[in-house]
Amino acid sequence: QVQLDESGGGLVQAGDSLRLSCAASGRTFSSYTMGWFRQAPGKEREFVAGIIRSGSNTYYTDSVKGRFTISRDNAKNTVYLQMNSLKPEDTAVYYCAARGGVITVMPTAWDYWGQGTQVTVSS
């Protein structure tokens, strides 16, 4: 079992930056692939970014490439999502997720989820 707790969301203007954090507790953090997903009102949950156990490889959905950066600190049991040049279409609840396998964009394949943090980008 692993518990995930997101923080760092808020209301910002288009072009601003935010950094989300996800603190993990429970079993060994470094044994999990970590990911960020988001869900806008009326839409399905979508993959945003993923990072492998060592942190040496990352993967992003096309709409955030060049703007978002996922990273992890295994010593602090924390994964981050640095979001730059935010756009109104980035508005969503952002979720942290963990799984024991490789990075996948399918939400149903992830084992553990946080409660989510709201990000709202005004135009």
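Cut-offs used in this document
Position labels on residues start from 1 in each chain and follow its written sequence. Two thresholds apply to this predicted model, a pLDDT of at least 70 for residue-level local features and 80 or more for giving and counting side-chain atom pairs, whereas whole-chain, interface and lining totals are computed over all residues. Side-chain metrics in this entry use all non-hydrogen atoms of the structure; hydrogen atoms and water are not considered. Only DSSP runs of H or I with at least four residues qualify as helices, and only runs of E with at least two residues qualify as strands; both kinds are numbered from the N terminus onward. We compute the radius of gyration from the C-alpha atoms alone; for a globule the expected value is 2.2 Å times N to the 0.38, where N is the number of residues. Using a 1.4 Å probe on the protein chains alone, a residue whose accessible area is under 20% of its type maximum counts as buried, one over 50% counts as exposed, and one in between counts as partly exposed. Whether two residues touch is decided by their heavy atoms; if any such pair falls within 4.5 Å, the residues are in contact. A pair of sulfur atoms, both from cysteines and within 2.5 Å, is called a disulfide here. For the purposes of this section, nonpolar cores are sets of buried Ala, Val, Leu, Ile, Met, Phe, Trp, Tyr and Cys residues that join through side-chain atoms within 4.5 Å. Any two of the Phe, Tyr and Trp rings considered here, Trp counted by its six-membered ring, make a pair once their centres fall within 6.5 Å; the pair's planes then place it as stacked at under 30 degrees, edge-to-face at over 60, or tilted in between. Counting of polar contacts relies on pairs of N or O atoms within 3.5 Å, with two restrictions inside protein: one atom must be capable of donating a hydrogen and the other of accepting it, and residues adjacent in sequence are counted only when both atoms are side-chain atoms. Between any two strands, at least two bridges found by DSSP are needed for them to pair.

**A short note on the overall build of the protein**
For the protein, the helix and strand inventory stands at zero helices and eleven strands. Mapped from its N terminus to its C terminus, the protein presents α and β elements in the order β-β-β-β-β-β-β-β-β-β-β. Radius of gyration (C-alpha) of the protein: 13 Å, near the 14 Å computed for a compact globule of 123 residues. Per-residue burial for the protein yields a buried fraction of 41% across its 123 residues. Sequence separation of at least 24 residues holds for 58% of the intrachain contacts in the protein that already meet a minimum separation of 6.

**Remarks on the environment of Pro88**
Its location among the elements puts Pro88 in the loop between β8 (78-83) and β9 (92-99). Classification of Pro88 as partly exposed rests on a relative accessible area of 34%. Sequence separation between Pro88 and Gln13 is 75 residues; the distance between their C-alpha atoms is 8.1 Å. For Pro88, the residues in contact, after removing those within four places along its chain, are Ala14, Val121, Ser122 and Ser123.

**Re the state of the cysteines**
Taken as a whole, this structure holds one disulfide when the rule is applied. Between the sulfur atoms of Cys22 and its disulfide mate Cys96 the distance is 2.1 Å. Handedness here is read from the sign of the S-S torsion; for Cys22 and Cys96, about -80°, the answer is left-handed. Of this pair, Cys22 sits in strand β3 (residues 18-26) while Cys96 is found in strand β9, placing the two residues 74 residues apart along the sequence. An identical accessibility class is assigned to Cys22 and Cys96; each is buried.

**Things to note about the nonpolar core**
Formed by 30 residues in total, the largest nonpolar core has its most connected members in Leu4, Met34, Trp36, Val79, Leu81, Met83 and Tyr94. Secondary structure elements with two or more residues in this core: β1 (2-7), β3, β4 (33-39), β5 (46-51), β7 (68-73), β8, β9 and β11 (117-122). The residues contacting Met83, other than those within four sequence positions of it, are Asp16, Ser17, Leu18, Leu20, Arg67, Phe68, Tyr94 and Val119.

**Comments concerning the packing of aromatic side chains**
Per the stated rule, a full pass over the model turns up six aromatic pairs. Between the aromatic rings of Tyr32 and Tyr112, the centroid separation amounts to 5.8 Å while the plane-to-plane angle is 85°, which identifies the pairing as edge-to-face. Of this pair, Tyr32 sits in the loop between β3 and β4 while Tyr112 sits in strand β10 (residues 112-113), and the two are 80 residues apart along the sequence. Centre to centre, the rings of Phe37 and Trp110 are 5.5 Å apart; their planes meet at 80°, and the pair counts as edge-to-face.

**Some details on the side chain of Thr117**
Of note, Thr117 is situated in strand β11. Accessibility expressed as a relative area gives 11% for Thr117, which makes it buried. Engagement of the side chain of Thr117 in a polar contact is seen with the backbone nitrogen of Gly9, the distance being 3.2 Å. When near neighbours in sequence (up to four residues on either side) are disregarded, Thr117 contacts Glu6, Ser7, Gly8, Gly9, Leu20, Ala92, Val93 and Tyr94.

**Considering the pairing of β7**
Here β7 shows one buried face, formed by Phe68, Ile70 and Arg72, and one open face, formed by Thr69, Ser71 and Asp73. As consecutive antiparallel partners, β7 and β8 are separated by four residues, and within that stretch Asn77 has a phi angle of approximately 55°, a positive value.

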